[in-house]
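Single-letter residue listing:
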Amino acid sequence: MTTATAPGKIILFGEHAVVYGQPALAVPVTQVRAKADVSDSPRPGTWIHAPDIGLHEELSRLAPGHPLSAAIRSVFSALASPSPSPPAGGGGEGGLSITITSTIPVASGLGSGAAVSVALIRALSAHLGRPLPDEWVSALTYEVEKIHHGTPSGIDNTVVTYARPVYFVRGRGGEPPTIEVFPIARSFTIVIGDTGLPAPTKEAVADVRCLWEADRERMERLFAAIGSIVRAARQAIEGGYPERLGPLMDENHALLQEMTVSSAELDRLVEAAREAGALGAKLSGGGRGGNMIALVEEARARIVADALRAAGARRVIITTVA
Ligand code: PMV
């Protein structure tokens, strides 16, 4: 059996503006992971088991647009190797059995879709004897992400593939993105609070596009302000002053509110974290629902986590960015 895993992720700064060419910072969240196990099976065909979503199906019976089908087929075509014959093809040859599990909450901005694809693409290509390099894993995952997102910036597949903090700038006009893996001079603690509301990134991204089409000048100003925050945040992280991220988070959240991608639930958790002593807080990811993040002194992490639960967070994760 061949196994691969991939972590979740949070966007620290720059979501939405990143779609319009501004930089963004994202870090892996290693407490939660997606896992893919691939093994040979006596049964012909490629069998996919995803018990978390009650899926047990042969590849040829999944819609081609299904993200798991897209990820598997992308590996077969990248390796230019035909898929093991499905049952209808007969032939009596053995096939593959692929099991996907994940502890990453779905549709909440923690990169669960990207992590499943990365784990699956790695495990499958390795099992077939030709492990794909990270650039390929990331590029194939990006193609699958398009099914979830429409026009993804590429930040999720990048941070989840490399499992390192990344400074990411989307490429313009088909150019490849700028990806810089950057050092963390001093570790810092983030509390992640989940509103429990599904966060349809695609819709939030589409709504921001409508606003941009209606008033490009205003939206570009907001995006540029976010870009400045991202650059200042990177300097603070690299310079060993992570406490400076707190006020930057607050500013970034205010700009996201102006872009209409926050919600009453996210604002309530952000406020609760600040009142409990967080150094700053903001939504993270597509917004509307999903997760918020708060920068905390390590000793206050539990107090902030409890305050988030009391304010209605469904799940709280404390993570150290190191
Ligand atoms: O919802 P998430 O965490 O997958 O993040 C979406 C981030 C956006 O900037 C809103 C979209 C994108 O593709 O970068």
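Residues numbered from 1 in each chain as written. Predicted model: local features only at pLDDT ≥ 70, side-chain atom pairs only at ≥ 80, totals over all residues. Heavy atoms only, no water.

S.K.: I'd like a description of the confidence of the model for the protein chain, backed by residues and values.
M.R.: On average, residues of the protein chain carry a pLDDT of 92, and 96% of them reach 70 or more. With pLDDT under 50 throughout, residues 85-92 is counted as low confidence; its partners more than four residues away or in other chains account for 10 contacts. (pLDDT = per-residue confidence, 0-100. Contact = heavy atoms within 4.5 Å.)

S.K.: Go over the side chain of glutamine 22, please, and point to the residues and values.
M.R.: Its place among the elements puts glutamine 22 in the loop between β1 (2-13) and β2 (24-41). Here glutamine 22 falls in the buried class, since its relative accessible area comes to 15%. If we skip the residues at most four places from it in the chain, glutamine 22 touches Ala17, Phe168, Phe223, Ala224, Gly227 and Arg231. (Helix = DSSP H or I, 4+ residues; strand = E, 2+ residues; numbered from the N terminus. Buried < 20%, exposed > 50% of the residue type's maximum accessible area, 1.4 Å probe, protein only.)

S.K.: For the pattern of salt bridges, give the residues involved together with the corresponding values.
M.R.: Under the definition given, this model contains 16 salt bridges. Here lysine 282 and glutamate 15 are joined by a salt bridge, their closest N and O atoms 2.9 Å apart. Note that lysine 282 is positioned in strand β9 (residues 280-284) and glutamate 15 in the loop between β1 and β2, a separation of 267 residues in sequence. (Salt bridge = Lys/Arg side-chain N within 4 Å of Asp/Glu carboxyl O.)

S.K.: Outline the nonpolar core, listing residues and values.
M.R.: In terms of nonpolar packing, the biggest core is built from 104 residues, with Leu12, Phe13 and Ile190 touching the most fellow members. When residues no more than four places from it in sequence are discounted, the contact partners of phenylalanine 13 are Ala24, Leu25, Ile229, Val230, Ala233, Leu245, Leu248, Met249, Asn252 and Lys282. (Core = buried A, V, L, I, M, F, W, Y, C linked by side-chain atoms within 4.5 Å.)

S.K.: An account of the site of the ligand is needed here, citing residue identities and associated values.
M.R.: As a matter of local geometry, the ligand sits amid 16 residues, with Lys9, His16, Ser153, Asp156 and Thr201 nearest to it. Measuring from an oxygen atom of the ligand, one finds a backbone N or O atom of histidine 16 at 2.9 Å. Serine 153 places a polar side-chain atom, nitrogen or oxygen, 2.5 Å from an oxygen atom of the ligand. Taken by itself the ligand offers 380 Å² of open surface, and the protein chains cover 97% of this. (Near = heavy atom within 4 Å. Polar contact = N/O pair within 3.5 Å; in protein donor to acceptor, adjacent residues only side chain to side chain. Areas by Shrake-Rupley, 256 points an atom, 1.4 Å probe, with all protein chains shown as cover.)

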